[in-house]
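What follows is the residue order along each chain.
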Amino acid sequence: MDSGLTAAELTLLGLLVEKPRHGYELEGVIAERGMREWTEVGFSSIYYLLTKLRERGLIEQVEGSAVVGDKRRKVFGATAEGRRACAAAAEAAIAELHPLYPRVLVGLANQPAIGHEQLLDALERRSRALAERIEQVAEAAGPPVPDFVRAIFDYSLGQLRAEQDWLDRYRASLGGAHPQGGGPSMAPYDIKKDLKEFYAPKNTTWAVVDVPEQQFLAVDGSGNPNTAPAHAAAVEALYAVAYTLKFAGKQAEGGRDFVVGPLEGLWWAEEFEAFTSRDKDSWNWTMMISLPGWITEQMIDEARQTALAKKKHPTIADVRRLTLHEGPSAQLLHIGSYDDEAPALHQLHHEYLPANGLRPGAKHHEIYLGDPRRTAPEKLKTVVRQPVEPA
């Protein structure tokens, strides 16, 4: 049902349902949560919208006021009717599909009026603008936020990255120039496709593969990955440097693009049983993100410095380059919760390896193909790998 609330009105009403606020406080929350990335609420329009909501009986001035600087500010809260209207409008906005009218579609419909070179140039400019927007949204999503706010950022980033993938494919289909004029357009390097055997295996029982040499961004640490602050900080730092590398590469002279790979981890403990018993506090880890072979130590160092200057995140300074050549490795695709890996690991070490005359040759390795924030535990996909050598 149409509530008659605009997106801007619903946004403000929702913030007042959370708790009473004055206009300046509303502006602060809007800026802090990056809400202008997905809805139009100008600072100058806040009081106009508050007036409209008040006239409809959806909000009211609450007792007392707040002092901001040398001025008293009226504080507004949602009425009972406002709470009902907000809930109904939010539910409808989530459940119903609403048509979008992106201007890019109008432009694409009028391609015959554009010369081929002009079209390629326009697509290149859109690609650069898209990369900048993704970086801005990813940076805005950096600080800890409530789950429902995180979902908004994830949705926005998903939409932007989907368009980025479409744009890369379309430009490649046109046979246009490389963004920096270096030859035919090429799809970004994607390790999940280029090393499909190792990043998209089909086997759910143990099999030995020969893993080639790779390089990674890496951060070391220890402790329960679900609760240790160091683990969350390591993951955030890795992605900050990885995306800085990606955008710097695309914009450089003769640059090359790549899809940021999935999160990976090397795991070890004093006793192997710490993994089958899930004694996570005793785990040691190196969290990693794979890199294309053309990324150099100097590029990593520059990206680390750039990311550290932007985000002021101290763990970024700990991000390092790591080269691995695991060679023969027992590997399978695990589908389900991470904690359900224990039976497969027990089978590996007590049945599969002894039966095949093998023993562990290096650290336990996992590649996380699903996002646990958005995927049900039973549907998570993890590549579980153990480098091996003759017993």
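Residues numbered from 1 in each chain as written. Predicted model: local features only at pLDDT ≥ 70, side-chain atom pairs only at ≥ 80, totals over all residues. Heavy atoms only, no water.

> Would you mind going over the nonpolar core with me for this structure?
Taken as a class, soluble globular proteins show a tendency for nonpolar side chains to be buried jointly. If you look at the biggest cluster of nonpolar residues, it comprises 53 residues, and the most contacted ones within it are W206, L217, L238, V241 and L245. Apart from residues lying up to four places away in sequence, L245 is in contact with L217, F258, L291, I295, M299, I300 and A303. Judged by nonpolar contacts, the second largest core, of 23 residues, contains L13, I30, V41 and A85. (Core = buried A, V, L, I, M, F, W, Y, C linked by side-chain atoms within 4.5 Å. Buried < 20%, exposed > 50% of the residue type's maximum accessible area, 1.4 Å probe, protein only. Contact = heavy atoms within 4.5 Å.)

> Looking at this model, I keep getting lost on helix α7 (residues 147-173). Mind explaining?
Taking 1.5 Å of rise per residue, the 27 residues of α7 would be expected to cover 39 Å, and the 39 Å separating its terminal C-alpha atoms lies within 8% of that figure. Considered for burial, the residues of α7 that qualify are V149, R150, F153, D154, S156, L157, L160, Q164, L167, D168, Y170 and R171. (Helix = DSSP H or I, 4+ residues; strand = E, 2+ residues; numbered from the N terminus. Expected span 1.5 Å × (residues − 1).)

> Sorry, what's going on with the pattern of salt bridges here?
Once the charged atoms of two side chains with opposite charge are near each other, the side chains can pair. Summed over the entire model, instances satisfying the criterion amount to 14 salt bridges. Note that K52 and E9 form a salt bridge whose closest N and O atoms lie 2.9 Å from each other. In this pair, K52 is assigned in helix α3 (residues 46-55) and E9 in helix α1 (residues 7-18), connecting sequence segments 43 residues apart. A relative accessible area of 4% places E9 in the buried class. (Salt bridge = Lys/Arg side-chain N within 4 Å of Asp/Glu carboxyl O.)

> So what exactly am I meant to see when it comes to the environment of A376 here?
Its location among the elements puts A376 in the loop between β9 (364-368) and β10 (381-390). A376 sits 40 residues away from G336 along the chain, and the two C-alpha atoms are 8.5 Å apart.

> Help me out: how do you make sense of the packing of aromatic side chains in this one?
How two aromatic rings sit relative to each other is given by the distance of their centres and the angle of their planes. As enumerated under the stated definition, the model contains seven aromatic pairs in all. Judged by centre distance (5.8 Å) and plane angle (75 degrees), the ring pair of Y189 and W294 falls under edge-to-face. Placement of the pair is Y189 in the loop between α7 and α8 (191-194) and W294 in the loop between β6 (284-291) and α12 (297-311), with a sequence separation of 105 residues. We classify Y189 as partly exposed; its relative accessible area is 21%. The exposure class assigned to W294 is partly exposed, which follows from its relative accessible area of 22%. (Phe/Tyr/Trp six-rings, centres within 6.5 Å; stacked < 30°, edge-to-face > 60°.)

> Would you mind showing me how to read the environment of F247 here?
Mapped onto the elements of the fold, F247 is located in helix α10 (residues 229-251). On the accessibility criterion, F247 (5% relative accessible area) is buried. A sequence separation of 157 residues divides F247 from A90, and the C-alpha atoms of the two residues are 35 Å apart. If we ignore the near neighbours within four places in the chain, the residues touching F247 are A131, I134 and E135.

> I tried to follow the packing of α1 against helix α2 (residues 23-32) on my own but got confused; where do I start?
Packed helices, taken two at a time, are described by the angle between their axes plus the distance between the axes. Two elements in contact, α1 and α2, have axes whose closest approach is 11 Å; the angle formed by their N-to-C orientations is 105 degrees. As judged from the angle between their axes, α1 and α2 are roughly perpendicular. Judged by residue contacts, L12, L15 and L16 of α1 engage L26, V29 and I30 from α2. Here the residues of the contact of α1 with α2 sort into six nonpolar, no polar and no charged. (Axes fitted to C-alpha atoms, helices over the stretch in contact; angles between N-to-C directions. Parallel < 35°, antiparallel > 145°, perpendicular 65-115°, else oblique. Nonpolar A, V, L, I, M, F, W, Y, C, P; charged D, E, K, R; others polar.)

> I keep staring at the confidence of the model for the chain and nothing clicks. Help me out?
Predicted coordinates in regions of low pLDDT should not be interpreted in detail. This prediction gives the chain a mean pLDDT of 86; 90% of its residues lie at or above 70. For the stretch residues 176-185, pLDDT sits under 50, and the model shows 25 contacts to residues farther than four places along the chain or on other chains. (pLDDT = per-residue confidence, 0-100.)

> It is not clear to me how unusual backbone geometry should be interpreted in this structure. Could you clarify?
The phi torsion of most residues other than glycine is negative, and most of the peptide bonds are trans. Here K312, not a glycine, exhibits a phi torsion of approximately 55 degrees, which is positive. Residue placement: K312 occurs in the loop between α12 and β7 (320-335).

> Explain the packing of α1 against α3 to me, please; I cannot follow it from the model alone.
With their axes 10 Å apart at the nearest point, α1 and α3 run at an angle of 80 degrees to one another. Here α1 is positioned roughly perpendicular relative to α3, judged by the angle of their axes. Residues A8, E9, L12, L13 and L16 of α1 pack against I46, L49, L50, K52 and L53 of α3. Looking at the contact of α1 with α3 residue by residue, the classes come out as eight nonpolar, no polar and two charged.

> I tried to follow helix α4 (residues 80-95) on my own but got confused; where do I start?
Structurally, the α-helix is built with 3.6 residues per turn, so residues lying three or four positions apart point the same way. The end-to-end C-alpha distance of α4 is 23 Å, a good match for the 22 Å that 16 residues give at a rise of 1.5 Å each. Burial in α4 covers these residues: G82, A85, C86, A89 and A92. Across the axial projection of α4, the buried residues extend over an arc of 140 degrees, all falling on one side. Exposed side of α4, more than 90 degrees from the buried face: R84, E91, I94 and A95 are the residues found there. (Arc of directions from axis to C-beta.)

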